[in-house]
Amino acid sequence: MNRLKTCASVLAAGLLTISLPAMAHHSFAMFDQTKTTDRKGVTVVQFQWANPHVYVVVKSGTETFALECNSPSNMKQAGWKFNTLKAGDKIDISYFPLRNGKPGGALKVATLGGGKKLDAW
C-alpha cells in the first residue's frame, strides 16, 4: 500500500511539473487589476476568437486599442461564442487598463446592444 502511495505521489508531482509551463504562458502583471475603466458605446473593430486568448479591438473616439480576454473555452462557459461580436457593433465595456498608460487592457465585462452582460475575465 505504501508503494502505491509513493507511486501516486511521484506521478502527481511529475504531472504538476510538466503542466507549470503551460499555466505560466505569460503574466497578467501588465494589467492594473486594482482599477477598472468603463467606456460606453465603443465600436468593435475586430473580434479574434483564438488560443491562447480571445481579443477584442475597439475604437472609442479617435483611440483604437486591443483588449485581451480569457481563453476561448472559458469564454464559451461564460456565454460567449466565436460570433458574439462583429465589426461595427456598439458595446459598453469595463476593463483593467494597462499599467503603462497606453490604450488597451484586459476586458472584464462587455455589455451588448440588447443589454446582455458577458464576463470576459
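In short, a report on the structure. Note that the coordinates shown come from a computational prediction; the quantities given were computed from them, not determined experimentally.

Before going further, it helps to examine the nonpolar core. Trp80, Leu85, Ile91, Ile93 and Leu107 are the most contacted members of the largest nonpolar core, which has 20 residues in total. Those residues in contact with Leu85 that lie beyond four places of it in its chain are Val44, Phe47, Val56, Trp80, Ile91 and Leu112.

Attention now goes to the packing of aromatic side chains. For any pair of aromatic rings, geometry is given as the distance between the ring centres together with the angle between the planes. Enumeration over the complete set of coordinates arrives at four aromatic pairs. Judged by centre distance (5.6 Å) and plane angle (40°), the ring pair of Phe65 and Tyr95 falls under tilted. Separated by 30 residues along the polypeptide, Phe65 in strand β3 (residues 63-68) and Tyr95 in strand β4 (residues 90-97) bring together distant segments of the chain. Classification of Phe65 as buried rests on a relative accessible area of 3%. Clustering of aromatic rings is evident, with ring pairs tying together Phe47, Trp49 and Trp80.

Following the criterion strictly, the structure yields three salt bridges and no others. Among the salt bridges present, the one from Lys35 reaches Asp32, with a minimum N-O distance of 3.7 Å. By relative accessible area, which is 10% here, Asp32 ends up buried. Two residues, Glu63 and Arg39, come together in a salt bridge whose shortest N-O distance is 3.1 Å. Of this pair, Glu63 sits in strand β3 while Arg39 is found in strand β1 (residues 37-48), placing the two residues 24 residues apart along the sequence. For Glu63, a relative accessible area of 29% puts it in the partly exposed group. Sharing partners across several salt bridges, the network here consists of Asp32, Lys35 and Arg99.

Looking now at the side chain of Ser71. Summarising the element assignment, Ser71 is placed in the loop between β3 and α2 (72-77). On the basis of relative accessibility, which here comes to 14%, the residue Ser71 falls in the buried class. Excluding residues within four positions of it along the chain, Ser71 makes contact with Pro52, His53 and Val54.

The rules behind each value
- Residues numbered from 1 in each chain as written.
- Predicted model: local features only at pLDDT ≥ 70, side-chain atom pairs only at ≥ 80, totals over all residues.
- Heavy atoms only, no water.
- Core = buried A, V, L, I, M, F, W, Y, C linked by side-chain atoms within 4.5 Å.
- Buried < 20%, exposed > 50% of the residue type's maximum accessible area, 1.4 Å probe, protein only.
- Contact = heavy atoms within 4.5 Å.
- Phe/Tyr/Trp six-rings, centres within 6.5 Å; stacked < 30°, edge-to-face > 60°.
- Helix = DSSP H or I, 4+ residues; strand = E, 2+ residues; numbered from the N terminus.
- Salt bridge = Lys/Arg side-chain N within 4 Å of Asp/Glu carboxyl O.

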